[in-house]
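# Observations on the model geometry
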Amino acid sequence: MTETTAPPAPESRPTETPTFRHFIAGEWMDSVGGGTFESRNPADDRDVIGRFQQGTAADVAMAIKAAETALPMWKRTPAPKRGEILYAFGALMTQHKERLARAMTREMGKVIAEARGDVQEGIDIAYLMAGEGRRMAGETVPSELPDKWAMSIRQPIGIAGIITPWNFPMAIPCWKIMPALVTGNTVVFKPASDTPHCATLLVELMADAGVPPGVVNLVTGTGAEVGDAIVGSPDISVISFTGSSVTGKGIATKAAGRLKRLSLELGGKNGVVVLADADLDLATDGILWSAFGTTGQRCTAASRVIVERPIVDALLARLERRARALRLGDGQLDSTDVGPLINPAAVDKVDSYIDIGRAEGDLVIGGGRARDGELAHGNFFEPTIFAGVRPMDRIGQEEIFGPVLSIIPVADYGEAMLALNQTRYGLSSSIFTSDVNTAFRAMRDFETGIVYVNAGTTGAEVHLPFGGWKETGNGHREAGHVALDTYTEWKSIYVDFSGRLQRAQIDNQ
């Protein structure tokens, strides 16, 4: 039985439920529709974090108008000055890091150490993009004609619609909003309905950092109401969305009708390859962190371990022993290793895959909802491992988004590489081997946007591009300087100072 830890007692929680509002044109305001919804602690559904505005299309229209009004001033603001505001925001996040992390753990459940890391990613991208305000380079190239200057510059697209998930409720909004702002766009931001409080705290700090009214606008609510209004608006020129592949495909279809710039970061079915020459203790550390960190609720989570047959039993014994020692509980407690799933629907989804897994592989550990004691009030699920899974089995192919790991035995590197690539996703992968030649083959062969050698499938750093191949996205990348590509148009400029008409590509002999 997995060990458990109990969350704080109910009497220690606030007795009054606060109400939070949209942020439009620099003002906090109620939805025109008057409706609200609750956000609850997934570790204890008795703990209501707050009531939030149930946004409508009319609210989105007001937010778009505010962004449109602020756009001319903001895009004329020198990029280094925009960067200074982003730097101030990063400094405020640093100052409030612990408060933000604890609010995040309470609202979405990840353990406090991971929540601190989530906030740190937001700080890192704020500082990185602040620097881009002084590095936003185009190209200056030689002209084919004399006395003529040729160069290119970036310019903002306009209003950016930012739609974010709940699993990284501070890092991912910052990944999207920071490059949008430094390049001179204004923003309409819709967070996931499971984490509206985290979004509210971020926007408060943006305002405190000096982001002008109307430059960032927050509208909470459902995807069907708020999200569709953002995607369908003719006044929003670029959409950045992170979420499920099904939702992403729907957004792509709607956005295509208006030829919107669209950046999608979608699902994953990430694999760890462990070869016979690997350090098994190191591999075990990497697999456990990747599979059960954030309770498996990461697009980069490892849900498949593809392992050479001679070491299957040795690796599985290590994984089983370590997984049994993981402690479920409220992520606010330092003793907790694995927090709750985000909501009851997520528990039902993970549970539905257990019967599928029993038919396809051998259940080694877990496989059930965790309901002992105080865990009965939360959305807890036992860390689960299936052995003897085949590469094309459903649990080896479909994104479960929970703490479920499949062990897939293979004969050699060639079979491992084939099994890893035989999925419609292509976000993250890793290989554990002591052979440098094999490691370099994996870097070349693995069909994923991120490849790790002798590490798990999580741990991306903000100064390199983040994103995937195949159905993981549509080719755009977040983080790194290439994130600017999502939010900018290129303009080529020619200056002829010859004093006469010169015609390029015409025979001027």
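Above: the structure in question.
Figured I'd write up the structure that's included with this text.

Rules used throughout
- Residues numbered from 1 in each chain as written.
- Predicted model: local features only at pLDDT ≥ 70, side-chain atom pairs only at ≥ 80, totals over all residues.
- Heavy atoms only, no water.
- Axes fitted to C-alpha atoms, helices over the stretch in contact; angles between N-to-C directions.
- Helix = DSSP H or I, 4+ residues; strand = E, 2+ residues; numbered from the N terminus.
- Parallel < 35°, antiparallel > 145°, perpendicular 65-115°, else oblique.
- Left-handed = near helix turned anticlockwise from the far one by under 90°.
- Contact = heavy atoms within 4.5 Å.
- Pairing = 2+ DSSP bridges.
- Buried < 20%, exposed > 50% of the residue type's maximum accessible area, 1.4 Å probe, protein only.
- Nonpolar A, V, L, I, M, F, W, Y, C, P; charged D, E, K, R; others polar.
- Phe/Tyr/Trp six-rings, centres within 6.5 Å; stacked < 30°, edge-to-face > 60°.
- Salt bridge = Lys/Arg side-chain N within 4 Å of Asp/Glu carboxyl O.

### Overview of the packing of helix H9 (residues 280-292) against helix H10 (residues 312-324)
What describes two packed helices is the angle between their axes and the distance between those same axes. Running from N to C, H9 and H10 point in directions that differ by 50°, and their axes come no closer than 10 Å. With respect to each other, H9 and H10 are oriented oblique. In this structure, H9 meets H10 at a crossing whose hand is right-handed. Facing H9, whose interface residues are Leu-280, Asp-281, Ala-283, Thr-284, Asp-285, Ile-287, Leu-288 and Phe-292, H10 presents Ala-314, Leu-315, Arg-318, Leu-319, Arg-322 and Ala-323.

### Topic: the sheet that holds strand E7 (residues 148-156)
One open sheet holds the three strands; their spatial order is E6-E7-E23, and the pairing between them is antiparallel. The open sheet is flanked by strand E6 (139-142) and strand E23 (488-496), the only strands paired with a single partner. With strand direction ignored, the average angle separating the axes of adjacent strands in the sheet is 20°. Bridge count between E7 and E23: nine bridges; the pairing is antiparallel. Across the sheet, the residue bridging to Gln-155 is Glu-489, located in E23.

### Overview of the environment of Pro-196
Mapped onto the fold, Pro-196 is located in helix H6 (residues 196-209). Of the residues examined, Pro-196 reaches a relative accessible area of 1% and is grouped as buried. Taking C-alpha positions, Pro-196 is 9.3 Å from Arg-51, a pair spaced 145 residues apart along the chain. Residues contacting Pro-196, with those up to four places away along its chain left out, are Phe-37, Ser-39, Phe-52, Glu-107, Pro-191 and Thr-220.

### Quick word on the packing of helix H12 (residues 413-421) against helix H13 (residues 436-445)
Relative orientation of the contacting elements H12 and H13 amounts to 25°, with a least axis distance of 11 Å. Accordingly, the angle class assigned to the pair H12 and H13 is roughly parallel. Handedness of the crossing formed by H12 with H13: right-handed. For the pair H12 and H13, the contacting residues are Tyr-413, Met-417 and Asn-421 in the first and Thr-438, Arg-441, Ala-442 and Asp-445 in the second. Counted by class, the contact of H12 with H13 contains three nonpolar, two polar and two charged residues.

### Focus on the sheet that holds strand E14 (residues 302-308)
Ordered by their spatial adjacency, seven strands build an open sheet running E16-E17-E18-E14-E13-E20-E21, and the pairing between neighbours is mixed. Looking along the sheet, the strands with just one partner apiece sit at the ends: strand E16 (362-365) and strand E21 (450-453). The mean angle between the axes of side-by-side strands here comes to 20°, regardless of whether they run parallel or antiparallel. The strands touched by H10 within the sheet are strand E13 (270-274), E14, E16, strand E17 (384-387) and strand E18 (404-410), with E16 carrying the most contacts at an inclination of about 50°. In this fold helix H11 (residues 344-360) packs onto E16, E17 and E18, with an angle of close to 20° to the strand it touches most, E17.

### Focus on the packing of aromatic side chains
Under the counting rule described, the total for this entry stands at seven aromatic pairs. Here the aromatic rings of Phe-37 and Phe-52 are separated by 6.1 Å at their centres, their planes lie at 35°, and the arrangement is tilted. On the criterion of sequence distance, the pair formed by Phe-37 in strand E4 (residues 36-41) and Phe-52 in strand E5 (residues 44-53) is long-range, its members being 15 residues apart. The exposure classification of Phe-37 matches that of Phe-52, with both residues buried. Look at Tyr-413 and Phe-446: their rings are 6.5 Å apart centre to centre, the planes differ by 20°, and that puts the pair in the stacked class.

### A word on the pattern of salt bridges
According to the stated counting rule, one finds 29 salt bridges in the structure shown. Between Arg-369 and Asp-351 there is a salt bridge; the shortest N-O distance is 3.4 Å. Of this pair, Arg-369 sits in the loop between E16 and E17 while Asp-351 is found in helix H11, placing the two residues 18 residues apart along the sequence. Looking at Arg-369, the relative accessible area reads 28%, which means it is partly exposed. What emerges from the salt-bridge pattern is a single network uniting Asp-44, Arg-46 and Glu-374.

Such coordinate-based values are descriptive only and should not be taken to indicate function.
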